[in-house]
Structures are given as structure tokens and as C-alpha cells.
Amino acid sequence: LAVIDGRSERIKWARTGPWVRQHEPQFLPNGEIAVFDNRPVANVEPWSKHKPRLASRILAVDPASGQVGVVYEGTDEHPFFSEKMGKHQYLPNANILVSEVEGGRVFEITPAGKIVWSFVNRYDDDQVAVIEQAIRYPAEYAAFAAEPCPPDMVVGSPAPTAVASP
């Protein structure tokens, strides 16, 4: 994980860490850097009790102190694993929206790690379809939806008629 000065193109800060296939870094308001850690390796550490054998996680790194904290990771009760890809988005209400790609799932968690809601993109009873990413947009983004559709765009409306010009 590295922070590069855009003007000088020099590395201002870098760290290798306890993450594997990390991506999606985000600067947080408190100065930490959040990162999606796929962690596609076996969870064999002694402290990994009650964690699935493979568990992805969201980490927060403090560049000043070097401390790395786990923001969220899968548990036996609530597994969370993406071998590759995955997204996370910090929301204005301090919750985090997470896309678990291979699990075909999007879920939102509170800062305490409680799942608020979850959606699984089912293909059939036994399979899920991947969800590459989910993004929460502000309500204003869809303000156009409050406007009525032009009559010629409404399903079932008669087709517009051609008008010949002289």
C-alpha cells in the first residue's frame, strides 16, 4: 500500500502489511486509509478462532503509527469472502456498503460490524451470480425519476408519427 505525491510522483508513505490482494484504498476523515483485503489464504493464526478458514476483511491503516485495525471480517455466523475483486464504500451515515463478488452479495454494516441489510443475487436455488460492485448514490442523483416520462417514451403508447417537412 503506498501514497504517492501527485506533483512530485514520489512515494510519501508505503507499507507492506498483513493484507493479501489488497485494493480499493480510501482516505478516511480521521487520516487512516481503509483497504479491502481479499485474504485468499488459510486462516491459521491462533487468534483466528470463530473466523472462517478463508475470510476477507476491511482494514484501516494509520499511516502515522503504523497500526492496522480490522474494521470488518467474516465470522462463522456471517461468512464474508471474495477471492478476488470486491468493493467497499463508506457512507455518510458512517456505515459501510460491501460488495462480496463471488458470493453474489451486497451488504451494509454499521461501524460496530452489525449487518443492517443484505442482498444475494440468486441465479437459482443452488447458485449465485457475481456482483462486481454496488454503489450508494444520494437521492438527488435520481431526481429525474420524479419527472413524468414524455408520452412517446411510455411503454404501450402509440408510436410517434413521422411528419414530412416541405
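Scroll up a little and you will see the structure.
A brief report on the enclosed structure follows. (Residues numbered from 1 in each chain as written. Predicted model: local features only at pLDDT ≥ 70, side-chain atom pairs only at ≥ 80, totals over all residues. Heavy atoms only, no water.)

## Section: the pattern of salt bridges
Any two side chains of opposite charge can pair, on the condition that their charged atoms come close. Summed over the entire model, instances satisfying the criterion amount to seven salt bridges. When the shortest N-O distance is used, the salt bridge between Arg21 and Glu83 registers 3.9 Å. With a gap of 62 residues between them, Arg21 in the loop between β2 (11-14) and β3 (22-27) and Glu83 in the loop between β6 (68-73) and β7 (87-90) connect regions that are remote in the sequence. Lys87 is paired through a salt bridge with Glu24; the nearest N and O atoms lie 3.3 Å apart. With Lys87 in strand β7 and Glu24 in strand β3, this pair connects stretches of sequence that are 63 residues apart. Look at Glu24 and you get partly exposed, because its relative accessible area is 22%. (Salt bridge = Lys/Arg side-chain N within 4 Å of Asp/Glu carboxyl O. Helix = DSSP H or I, 4+ residues; strand = E, 2+ residues; numbered from the N terminus. Buried < 20%, exposed > 50% of the residue type's maximum accessible area, 1.4 Å probe, protein only.)

## Digging into the pairing of β7
Inspection of the sheet shows β7 paired to strand β8 (residues 96-100) by four bridges, in the antiparallel sense. The residue bridging His88 from the neighbouring strand is Val98, located in β8. (Pairing = 2+ DSSP bridges.)

By themselves, these figures tell us nothing about what the structure is for.
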